[in-house]
Amino acid sequence: SAEIVALEARRAEIIARKRAAGRLTPGPPSLGIGHLNDYVTGDDGYREYDVELGTPLWLPGEGRASRTLADKELARLQAQLTLARLSVAGEVRAAYWSVRLGEGSVDLARRRLQAARTLQADVDRQVAAGQVALTDLLLAKGESLEAQSILSEQEAALTEARLAFQALTGTPSPADFAEPEPADRSFDQHPRLVALRNTVDVAEANTRLIRIQDRDSPEVALLGVIEREFYNDPYDKRIGVRVTIPFATEGRNAPRRAASEAERGQALAELQTAQRQ
């Protein structure tokens, strides 16, 4: 199943995001190097070299909310896998019973053909003995031809069903199959409802994370500057710290909140619909 393969591949992605949410910083550090001089404006010997090493910082509660979202996504993924496997099992089950039904139809058609030919032979003897009219023999032959046609159709349908089963599973259909009794489950444990409830949980966790991520990550950087004014001056060395605090704006946050609420509303509506069904 391509769907199951795709879902399994997403597991590694979600686990990687969860691990990233547990790290010390939300992103990698960065290094900046700069140089200033007065070559163009007089060349008096002014030189400045600066180095900046900075890193982003988590917003309060952002890392915990990101890990919670990843946990909810993993739970939803497992529920989706269960539902997808159940769907595949249903396809295999339907394909198997199509083969068995086809075998029964072929057997019934063969019996009908045998009975029609037996009747035709009996009528043929009676016509030869002058006991029945020729039209009765023609009717018996017509019944035999119709039975032969039905048998051919049923055999073709059986061949198609067997090929469909083999194309789906990669193996021929088994000669016999003992179908297990369905497990007793409560209404709330229906795989579709479990998957949809987990989708609602993911939407709510994403909404909480978006509320926390109302601005870009703040940054803190360590600065180092070496400079001089003129050729014969010694270099001055200075070290400092820079903190960057972004501001939250409605232009950035309003569309994200609206999209999150729309996703959550859709998930709730789908869950309610599934519960009624």
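Cut-offs applied
- Residues numbered from 1 in each chain as written.
- Predicted model: local features only at pLDDT ≥ 70, side-chain atom pairs only at ≥ 80, totals over all residues.
- Heavy atoms only, no water.
- Phe/Tyr/Trp six-rings, centres within 6.5 Å; stacked < 30°, edge-to-face > 60°.
- Buried < 20%, exposed > 50% of the residue type's maximum accessible area, 1.4 Å probe, protein only.
- Helix = DSSP H or I, 4+ residues; strand = E, 2+ residues; numbered from the N terminus.
- Core = buried A, V, L, I, M, F, W, Y, C linked by side-chain atoms within 4.5 Å.
- Contact = heavy atoms within 4.5 Å.
- Pairing = 2+ DSSP bridges.
- Axes fitted to C-alpha atoms, helices over the stretch in contact; angles between N-to-C directions.
- 1 Å grid on protein atoms, 1.4 Å probe; cavity = no way out; pocket = protein on both sides within 12 Å on 5 of 7 lines; lining within 4 Å.
- Points joined across faces, edges and corners; volume = space filled by probe spheres on them.
- Nonpolar A, V, L, I, M, F, W, Y, C, P; charged D, E, K, R; others polar.
- Parallel < 35°, antiparallel > 145°, perpendicular 65-115°, else oblique.
- Left-handed = near helix turned anticlockwise from the far one by under 90°.

Engineer: Could you clarify how one ought to interpret the packing of aromatic side chains in this entry?
Structural biologist: Each pair of aromatic rings is reported with the distance of its centres and the angle of its planes. By the definition in use, this model includes 3 aromatic pairs. Where Tyr 96 meets Trp 97, the ring centres are 5.0 Å apart and the plane angle is 75°; that geometry is what we call edge-to-face. A relative accessible area of 4% places Tyr 96 in the buried class. Trp 97 gets classed as partly exposed once you look at its relative accessible area, which sits at 36%. Both rings, one in Tyr 96 and one in Phe 177, keep their centres 5.3 Å apart while their planes meet at 65°; by these two values the pair is edge-to-face. Of this pair, Tyr 96 sits in helix H2 (residues 62-128) while Phe 177 sits in the loop between helix H3 (134-169) and helix H4 (191-212), and the two are 81 residues apart along the sequence. Ring-pair connections join several aromatic residues into one group, and the members of that group are Tyr 96, Trp 97 and Phe 177.

Engineer: What is the right way to read the nonpolar core from this model?
Structural biologist: One broad rule of soluble globular proteins: the nonpolar side chains tend to lie buried together. Grouped together as the largest cluster of nonpolar side chains are 12 residues: Ala 95, Tyr 96, Val 99, Val 106, Ala 109, Leu 113, Ala 116, Ala 147, Leu 151, Leu 158, Ala 161 and Phe 165. Looking at this core, the elements that each hand over two or more residues are H2 and H3. The biggest single contributor to this core is H2, with 7 residues. Val 99 has contacts with Leu 158, Ala 161, Arg 162, Phe 165 and Ser 173, leaving out every residue within four places of it along the chain. Counting 8 residues, the second-largest nonpolar core is a separate cluster that includes Ile 14, Ala 70, Leu 77 and Ala 84.

Engineer: How should I be thinking about the sheet that holds strand S3 (residues 219-228) in this particular structure?
Structural biologist: Strand pairing in a sheet relies on backbone hydrogen bonds, with the paired strands running either antiparallel or parallel. Pairing is antiparallel in the open sheet, where 4 strands are placed in the order S1-S2-S3-S4. Looking at strand neighbours, the two that pair on one side only are strand S1 (30-37) and strand S4 (236-244), the edges of this open sheet. Between one strand axis and the next, the sheet turns through 15° on average, direction left out of account. Two strands pair when backbone bridges link them, and S3 and S4 are joined in this way by 9 bridges, in the antiparallel orientation. Looking at the pairing, Ala 221 lines up with Arg 242 of S4.

Engineer: Any chance you could explain the layout of surface pockets here in plain terms?
Structural biologist: Left-over empty space is what a probe sized like a water molecule reveals as it rolls over the atoms. Counted as a void, the largest pocket has a volume near 390 Å³. What lines the largest pocket is a set of 13 residues, and nearest its centre among them are Leu 86, Ala 89, Arg 93, Glu 179 and Pro 182. Taken together, the residues of the lining of the largest pocket sort by class into 7 nonpolar, 2 polar and 4 charged.

Engineer: Looking at this model, I keep getting lost on unusual backbone geometry. Mind explaining?
Structural biologist: Most peptide bonds adopt trans geometry, and most residues besides glycine take a negative phi value. Here Asp 43, not a glycine, exhibits a phi torsion of approximately 55°, which is positive. Among the structural elements, Asp 43 can be located in the loop between S1 and strand S2 (47-56). You can call Asp 43 partly exposed: its relative accessible area is 30%.

Engineer: Looking at this model, I keep getting lost on the packing of H2 against H3. Mind explaining?
Structural biologist: Two quantities define a packed helix pair, namely the angle between the helix axes and the distance between the axes. Close contact between H2 and H3 brings their axes to 8 Å; oriented N to C, the two are set at 165°. Relative to H3, the element H2 is oriented roughly antiparallel. When you trace H2 past H3, the crossing you get is left-handed. Across the contact of H2 with H3, the residue classes tally to 20 nonpolar, 8 polar and 12 charged.

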